[in-house]
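Structural description and commentary
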Amino acid sequence: MARKTKGARVLTVLFAFIATTGIAAAQQSEINNSLSEIESFVATTLGQIGVIVFLVGAAAWFVSRKHADRAQWGWRGMWGGAGMIVLSVSYNVFVTLFENLAPGMVMPWIAF
């Protein structure tokens, strides 16, 4: 009788371990999906705002004529928007680089 109880305990512990492992894997997948969506949103938003700032700055700079203050702010806005566009592209490259640095992705022959 004691042997059945021990076997039932082992089976219960094994089942609980498998269930929690499956839940943890599902949560990890959900977290990865959420982080990918956030990364995509940040990169897209940064690029779009950069384009808008660049265009508004260029318009202010070209239309400023003899107003030095307006020309200065237009010039700054134009270069700031260009910087945001470059940052958006660099952000995508940076994130992709670190996603591929997982073991076995960059040098698969070294994977353990």
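What you see is a predicted model; the values in this text were computed from it and never measured.

Let us now look at the packing of aromatic side chains. Evaluated as defined, the whole model comprises 3 aromatic pairs. Measuring from centroid to centroid gives 5.0 Å for Trp61 and Phe62, while their planes differ by 45°, and the two rings are tilted. Looking at Phe62, the relative accessible area reads 63%, which means it is exposed. Each ring, one from Trp61 and one from Trp75, has its centre 4.7 Å from the other, and the planes form 55°; the classification is tilted. With Trp61 in helix α1 (residues 2-63) and Trp75 in helix α2 (residues 68-99), this residue pair connects regions lying 14 residues apart in the sequence.

It is worth spelling out a nonpolar patch on the surface at this point. There is a patch of nonpolar side chains on the surface, built from Ile31, Leu35, Ile38, Phe41 and Val42 and spanning about 490 Å² of accessible area. With respect to the helices, strands and loops of the structure, Val42 is situated in helix α1. Classification of Val42 by relative accessible area gives partly exposed; the value is 35%.

The next subject is α2. Counted at 1.5 Å a residue, the expected span for α2 with its 32 residues is 46 Å, and the 46 Å between its end C-alpha atoms agrees. All of the buried residues in α2 are Ala71, Gly74, Gly77, Met78, Gly81, Ala82, Ser88 and Val95.

Quick notes on the rules
Residues numbered from 1 in each chain as written. Predicted model: local features only at pLDDT ≥ 70, side-chain atom pairs only at ≥ 80, totals over all residues. Heavy atoms only, no water. Phe/Tyr/Trp six-rings, centres within 6.5 Å; stacked < 30°, edge-to-face > 60°. Buried < 20%, exposed > 50% of the residue type's maximum accessible area, 1.4 Å probe, protein only. Helix = DSSP H or I, 4+ residues; strand = E, 2+ residues; numbered from the N terminus. Patch = residues over 30% accessible without salt bridge, like charges linked within 9 Å, V, L, I, M, F, W, Y side chains within 5 Å. Areas by Shrake-Rupley, 256 points an atom, 1.4 Å probe, with all protein chains shown as cover. Salt bridge = Lys/Arg side-chain N within 4 Å of Asp/Glu carboxyl O. Expected span 1.5 Å × (residues − 1).

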